[in-house]
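A look at the structure
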Amino acid sequence: MLSAINLTRRFGDRLAVENASLTLEPGQIFALLGPNGAGKTTTLRMLAGLIEPSSGSVNVNGRAMSRHTAAEVRGHVGFLTEAPGLWDRLTVRQNLTVYARLHGVPHVDQAVNETMALFGIADRAAQPAAQLSKGLKQRVALARTLLHKPDVVLLDEPTSGLDPQSARDVRELVLRLRDEGRAVLLSTHNLDEVERVADRVAVLRTRMIAVDTPAALRARLFGSRLKIALAQDASLLVATVAGPGISEVTSEEQTLLVSVDNPSMRTPALVRRLVAAGADILSVVPDEPSLEEIYLRLLKDAQDERRADPAKGSQ
Amino acid sequence: MRRVYALLVKELIDLRANPALFVPAVLTGLTSLALPFVIAIVIPHLTGERLSDSSDFQLALDMYRSEPATTGLNPEGAVQGWIFQQFLLLLVFAPIAGAMSVAAYTVIGEKQARTLEPLLATPLTTFELLGAKVLGALIPSVGLTFAGFLLYFGGVWLLADPGVYRVLLTIRSLSIVFMLGPLAALAALQLAVCVSSRVNDARSAQQIGALIILPLSGLLVAQLMGRVQLTTPAMIAAALVLALLNVLLMRIGVSIFDRESILTRWK
């Protein structure tokens, strides 16, 4: 549905994005993570046909994006910009009507009415956008983004600055888009949000540091991990845990975190060793590192790699 | 054209919701409307001196004696006719000057309100965007000009000597209002929109936009001094030049509109 191959974008001497590649499938939510200035918005703008890549290509629904096709391709993409960007003096209905016409939506009035009903903003139709709360503005902006039923939806920080209820509403809308078979690319700093909705995750720091499912990233970075709760100080037992199939052991107060290659095979022997060493075990449960841990590890690894080979991360 | 119309409707709704934007255009229009009446009717009435007795207007009198539209007018009427026709140019250009600030603000205004990026994310082409922006400023300013002309004509018909109103119904006068004026307005507003798409703050846009009215003011002064004669063939030639200039300006506007700079460098 959308593919980007080796996207690179320079602004003068500054390299904003380097060789970023990704594919977006129908019914998939793809999260783009990265620190501020990592190139997320630039990437989204290239995918939306707003700016041209210095090199590389973007393909939407089999149509290659170029200077000559960009206007047409933009019609297949819905791009929610970081700011809602509503015309303040126009009412909600007027804002949506203008965009419906710009996108050539048939039966404009009907489409606008249906969209407003879908997004729960029908009662605000006659209200000027300036009078809306931030959450409502974002909802209207989302409605505007989806008015022409795009196959590909690009969302730049869709829940930024929203209260928890509004953020949840937006998340539910994003999930609904996936259920409708749309391809959704979500750029965000909110890792909790990504954890809840994303099928695939990419971490960008000028270059794509990693692209995969959250589960695969977890397995790749941390393997399988066990969390063992003890009745005593866990640091005293770290040396006891070491053995075949165990790659990493850390302790936090009365908890041991143990990375193992095969939990079902290694756990009984591990428990026996701990009990023999006098450990009072309260529980042994599989531990899944949070997306935040994965994200921070990926950024740290990338930074270490860059320190080791500065040419790789030259910006 | 569908997208131009969509954005044009937005521009007009936006202007209607903020009529204060056109206050300068209305004020300059009203001032330019009142000025010839003050010179041709109010001052002679207050001083008791006839314009046709003044040597300052002898040239006007000589020029107007040969005009078919002034046949049958007395000398005072002929001078009034000359004044009302000379000031027609000011009447036509004044609302344009007022609309310049609107046009100059149009792109930078969208950028500052952060409404430009969603707009550029639609299939709207640069030509369509600029076309709608220019028309959004042109239609109200031309509307004001036409309304001003109706008031002007009514005022002349009621207040000037009998028959003077005929000078406003000549091909030359009507061409100024309905052909030269709109074409000049289109050119000036296109320039202003070009400026708006190149500068990165609203104050620069408005200041540079204001400079564009200088050539128009120069033309007016030259005409009042008798240096330029807006004869019918001269106006047809001017209209053709303006039409070509408009085509050229639109091409230039499209080619210098840099979406990327606007999105990535303007703050």
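Predicted model, so just to flag it, every value in this text is computed and none were measured.

Turning our attention to the overall build of chain A. Each helix and strand counted, chain A has 11 helices and 14 strands in total. The dimensions of chain A, computed from C-alpha atoms along their principal axes, are 75 × 45 × 30 Å. Burial status across chain A gives 40% buried among its 315 residues. The contacts of chain A with a sequence gap of at least 6 include a subset with a gap of at least 24, amounting to 68%.

All right, on to the interface of chain A and chain B then. At the interface, 25 residues of chain A touch 24 residues of chain B. Taken together, the elements giving at least two residues each to the side of chain A that touches chain B come down to α2 (70-74) and α3 (92-102) of chain A. Considering every element that reaches the side of chain A that touches chain B, the biggest residue donor is α3(A), with 5 residues.

Bring the parts together and some accessible area is lost; that lost area is often taken as the interface size. For chain A, the domain assignment lists domain 1 (2-212) and domain 2 (223-287). Placing a centre on the C-alpha atoms of domain 1 of chain A and another on those of domain 2 of chain A gives a separation of 44 Å.

A word on the packing of helix α7 (residues 126-159) of chain B against helix α8 (residues 171-198) of chain B. All names here are of chain B. Between α7 and α8, the shortest axis-to-axis distance is 9 Å and the interhelical angle comes to 145°. Of the two elements, α7 crosses α8, and the hand of that crossing is right-handed. Packed against α7, whose contacting residues are Leu130, Lys133, Val134, Ala137, Leu138, Ser141, Val142, Thr145 and Phe149, the element α8 presents Val177, Gly181, Pro182, Ala185, Leu186, Leu189, Gln190 and Val193 at the interface.

Let us look at the confidence of the model for chain B. All names here are of chain B. Model confidence for chain B is summarised by a mean pLDDT of 82, while 91% of its residues fall at 70 or above. Per-residue pLDDT, averaged within each element of chain B, yields its smallest value for helix α9 (residues 202-211) (69) and its largest for helix α6 (residues 116-120) (91). Model confidence for the complex: the whole-complex pTM is 0.81, and ipTM, which rates the interface, is 0.81.

What counts, and where the lines are drawn
Residues numbered from 1 in each chain as written. Chains lettered and ligands numbered in written order. Predicted model: local features only at pLDDT ≥ 70, side-chain atom pairs only at ≥ 80, totals over all residues. Helix = DSSP H or I, 4+ residues; strand = E, 2+ residues; numbered from the N terminus. Buried ≥ 20, exposed ≤ 12 C-beta atoms within 10 Å, placed from the backbone. Contact = placed C-beta atoms within 7 Å. Domains from an automatic or database assignment. Axes fitted to C-alpha atoms, helices over the stretch in contact; angles between N-to-C directions. Left-handed = near helix turned anticlockwise from the far one by under 90°. pLDDT = per-residue confidence, 0-100.

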